[in-house]
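Okay, here's what each chain looks like letter by letter:
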Amino acid sequence: MPAVQDILVLFQTTPALDSNAVAWAHYNASQGTGVHDFVEESEPPYKNAMEAMRDGWQVIQMSELKHRSNDDGYELGPLPYQTVLAKFNELQQEEESSS
Amino acid sequence: MKDNRLTAKEMAQFVASGYLKFEDMVPEDLCNACLEEMRQNSRGYLAVGTPFEDTWPKGTALGDTFRLPQVQGLIHSLVGSDPLYDHHAAHLVKARQMRGADMHQDSVIDFRENYFDIQLSLFPTDTPDEMGGTFLIPGSQYRNVRTSEIGIYHHMRGKIWATCPAGTMYVWNTRVWHGARSNHTDQDRYMYKLRLNPTQPQVRNFDTADLDDPEIGQILSTNHGWEGNEHRYELMQRVKLWRFVSDQPDYDVGERFMRRIEYQPSKSVA
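Residues numbered from 1 in each chain as written. Chains lettered and ligands numbered in written order. Predicted model: local features only at pLDDT ≥ 70, side-chain atom pairs only at ≥ 80, totals over all residues. Heavy atoms only, no water.

Let's talk about the overall build of chain A
Operational definition: Put simply, DSSP H or I for four residues or longer makes a helix, DSSP E for two residues or longer makes a strand, and each gets a number counted from the N terminus. For every residue, the accessible area (1.4 Å probe, protein chains only) is compared with the maximum for its type, and the residue is labelled buried under 20%, exposed over 50%, or partly exposed between those bounds. It only takes one pair of heavy atoms within 4.5 Å for two residues to be counted as in contact. Areas reported here follow the Shrake-Rupley algorithm with a probe of radius 1.4 Å; residue values treat only the protein chains shown as occluding. The charge count treats Lys and Arg as positive and Asp and Glu as negative. His and the chain ends do not count. For this purpose, a charge sits on NZ of Lys, CZ of Arg, CG of Asp or CD of Glu.
What chain A contains, in helices and strands, is one helix and four strands. Beginning at the N terminus, the succession of helices and strands in chain A can be written as β-β-α-β-β. Dimensions of chain A along its principal axes, counting C-alpha atoms only, are 50 × 35 × 20 Å. For chain A, buried positions account for 36% of its 99 residues. Taking all contacts inside chain A whose residues are at least 6 apart in sequence as the whole, residues at least 24 apart take part in 67%. When the accessible surface of chain A is totalled, it reaches about 6,100 Å², and 47% of it is carbon and sulfur. With 5 positive and 16 negative side-chain charges, chain A shows a spacing of 12 Å between the two charge centroids.

Focus: the sheet that holds strand β6 (residues 135-136) of chain B
Convention followed: One bridge is not enough; two strands pair if DSSP finds at least two bridges between them.
Within the open sheet, the three strands sit side by side as β8-β6-β10 (chain B). Their pairing is antiparallel. If you trace the sheet from one side to the other, it starts and ends with β8 (160-161) and β10 (178-179) of chain B, each paired once.

Notes on the pattern of salt bridges
Cut-off, in case you're wondering: Put simply, a salt bridge is a Lys or Arg side-chain nitrogen that is within 4 Å of an Asp or Glu carboxyl oxygen.
For the structure on display, the rule yields 22 salt bridges over all chains. For the salt bridge of R181 of chain B with D129 of chain B, the shortest nitrogen-to-oxygen distance reads 2.9 Å. Here D129 of chain B lies in the loop between β5 (118-123) and β6 and R181 of chain B lies in the loop between β10 and β11 (189-197), a separation of 52 residues in the sequence. A relative accessible area of 36% means that D129 of chain B is categorised as partly exposed. Residue E262 of chain B is joined to R243 of chain B by a salt bridge in which the shortest nitrogen-to-oxygen separation is 2.6 Å. Of this pair, E262 of chain B sits in helix α8 (residues 259-262) while R243 of chain B is found in helix α7 (residues 231-246), placing the two residues 19 residues apart along the sequence. Each of the salt bridges in this network shares a partner with another, and the network as a whole consists of E40 of chain A together with D129, K159 and R181 of chain B.

So, a nonpolar patch on the surface
All names here are of chain A. Quick reminder of the rule: Exposure above 30% relative accessible area and no salt bridge define the residues that can form patches, which grow by joining like charges within 9 Å and nonpolar side chains of Val, Leu, Ile, Met, Phe, Trp and Tyr within 5 Å.
Taken together, M50, M53, V59 and M62 make up a surface patch of nonpolar side chains, about 330 Å² in accessible area. For V59, the position within the fold is in strand β3 (residues 58-61). On the accessibility criterion, V59 (31% relative accessible area) is partly exposed.

A word on the interface of chain A and chain B
Put simply, the rule is: Buried area: the accessible area, evaluated with a 1.4 Å probe, that two parts lose upon being put together, summed over both parts. The definition of a polar contact used here is a pair of N or O atoms within 3.5 Å, where within protein one atom must be able to donate a hydrogen and the other to accept one, and adjacent residues in sequence count solely through side-chain atom pairs.
Counting residues at the interface gives 29 residues for chain A, matched by 34 residues for chain B. When chain A packs against chain B, close to 2,800 Å² is buried across both sides, 57% of that on carbon and sulfur atoms. Where chain A packs against chain B, one counts three salt bridges. With its nearest N and O atoms 3.1 Å apart, the salt bridge here joins E43 of chain A to R157 of chain B. Our count for the chain A to chain B interface comes out at 16 residue pairs in polar contact (both at pLDDT 80 or more). Where strand β2 (residues 23-28) of chain A lies against strand β7 (residues 155-156) of chain B, two bridges are found, and the strand directions are antiparallel. By the bridge assignment, A23 of chain A is partnered in β7 of chain B with M156 of chain B.

Written out as C-alpha cells, the structure is:
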C-alpha cells in the first residue's frame, strides 16, 4: 500500500516550537477520512513540536507572532498559535462508521 | 429562596470556570418521570424570549423539575428573578452510538459585556464515563468563536466531562466550549438542556455573606491547564465580570492587570 500524509496539529499559546501544546488534533488520513469513535487523550502525544520532530514528524507550518493594537490587544478568540506536522504512513483500509 | 442561592465563592467559581456541578439536585422519582417525557418529546422551541414562568409547561415532570426550590435558587443566583425562556433540547446519544470530536460553542458568537445566559443540564440517569456524558472546557467562556469552528481542537488540556449519578445538574455559561461523546454502553444516554436569559442586570443575585472571603481571588485565578501564556488575559476577563456581578467596580487581584488599561494620570489632569 502507498504511504500517505498524516497530520498532527499542536495548538500553543506562544509560537515557539518548544512551546507546550495545550490542544491537539490528529488527521490520520492513512486510517480513514474522519474520526468515528473518538478516544479521549488527557495528554498530548508530544509535549511540544520539537519532541514530535525527534520522532520523525516534519514541520510544514509554524506560526508567526501577531501584531497587537489597542483595539484587539486584550481580545480572546481561538487559541493563538499552531504548529502543523506531517508524517507519511502506509495507507490502511478505512473502517466503516457505526453511527 | 435565600437558602438555595449560590455563595459568593460558588459564584466566583462560575465566573472563573463557567460551570458548576450539583449532585442530588433532582430526586430519583422525578428523574424517572423526566426520562419518560424526554423519550416522548425530544426537542423543539417554545416561544423564545418569553417569561419562563409563563411559558414553561406546568403539571409535567420537566415543568416541576425546573421549579424545584433548589433549582429556582440556582437560577435566581445567576440570572435573577423573572428570567426568559430561550431554548431547550433533550440530547440523546443512542446506545453504542459513536461520536467524533464535536467541540463547539452553542448558538452564535456573543459579544455582550456584563451579561451571560445560562444553560441547565440535567442527567436523569447514572452517567458513567463509558456512557459519554457531555464534555466541557472550563474557563473557555470568554473566547469569541463561531459555533463549530473549534471542532479543530480534538483534545484540550483541562477538559472535563459529566460522570455523575442520576439527578445531577450542571449549570453553565452558554459560551463554554463543549460537546457530546461516544456512548459505549447498551443504554441510551439522555441529557436535558434548558437555556435562560436574564431580564435585569446580573448583580448581587447570589448570597453575598462571604463576598470578602480572600479565597475568592484564588478561585478567580484558577488555571485550568490550557491557558498558558493567555492566563493573564483570561484573568482580566474574569475580573471584569466579577466586578460587575459583585458590584465592586475597583476589584482586582494579584498584580492588578486592569491598571494597564485604567491607570492613566494624564486623563485625570484634563
